[in-house]
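Take a look at the letters that make up each chain.
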Amino acid sequence: MDEQVIRPALAENAVVRWQGERREESTPRSKLPTFQRVRNPQLHTMTIYRPILDWSVDQVFALHARHGLPPNPLYLEGMSRVGCLPCVMENKRGLQMLRLRRPDVVEKLLKWERIVSAASKRGQSTFFGPNTIPALEDGRLPSAEDVFDWSLTTHGGRQYDMIAAMDDTAMCSSEYGLCE
């Protein structure tokens, strides 16, 4: 992205990158400025603009509705983050819905994690961060399989969630109330 899009654009123009981040999404995002000038020593200055930084989730989806724009379909499938699939920041319910609704995506991720692990000096690689789920008893980093298995549990990962297992994946399950 940097080499093929940003650098050529900056060489010719002033670039303003628009980002749809909102303060209420996370603690780090709560501290972001609306405008941010970024300077790379090899590049010109670029400006990052976050026009919806102070919006609520209700305001975001109200604007969609006002203009007749459907939300990203992943929101209707229970995901809370849709910048990539899966998002490493997805919550437990979103991971659960992904496991139940998109087994092809889960299998592809598990396959790539195995390939990268086989090539790793440590013999293990993980897509999700080490603190995504409670620490594993054997002390190893949680694999994507561990994370997706945990998403189907309750009580801190100690009990299988029977309600999650019976979830009707044909139904809308938006975390943001988009199904009503």
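As shown above, the structure is provided for reference.
Residues numbered from 1 in each chain as written. Predicted model: local features only at pLDDT ≥ 70, side-chain atom pairs only at ≥ 80, totals over all residues. Heavy atoms only, no water.

Asker: Can you help me understand the sheet that holds strand β3 (residues 45–49) in this one?
Answerer: Consider a sheet: its strands pair through backbone hydrogen bonds, and that pairing is either parallel or antiparallel. Reading across the sheet, the three strands line up as β1-β3-β2 and stay open at both edges, with mixed pairing between neighbours. Bordering the open sheet on either side are β1 (15–18) and β2 (35–39), each of which pairs with just one other strand. The average angle at which neighbouring strand axes cross in this sheet is 25°, direction not considered. Sheet topology places β2 next to β3; five bridges connect them, and they run antiparallel. Considered in β3, the bridge of Gln 36 is made with Ile 48. (Pairing = 2+ DSSP bridges. Helix = DSSP H or I, 4+ residues; strand = E, 2+ residues; numbered from the N terminus. Axes fitted to C-alpha atoms, helices over the stretch in contact; angles between N-to-C directions.)

Asker: What should I look at first to understand the nonpolar core in this one?
Answerer: Inside soluble globular proteins, nonpolar side chains tend to come together where they are buried. Within the largest apolar cluster, 18 residues are counted, with the highest numbers of intra-cluster contacts made by Leu 95, Leu 98, Phe 128, Ala 144 and Phe 148. Going through the elements one at a time, α3 (57–66), α4 (73–76), α5 (92–101), α6 (103–119) and α7 (144–151) are the ones with two or more residues in this core. In contact with Phe 148, other than residues within four places in its own chain, are Pro 86, Leu 95, Leu 98, Arg 99, Val 106, Leu 109 and Phe 128. (Core = buried A, V, L, I, M, F, W, Y, C linked by side-chain atoms within 4.5 Å. Buried < 20%, exposed > 50% of the residue type's maximum accessible area, 1.4 Å probe, protein only. Contact = heavy atoms within 4.5 Å.)

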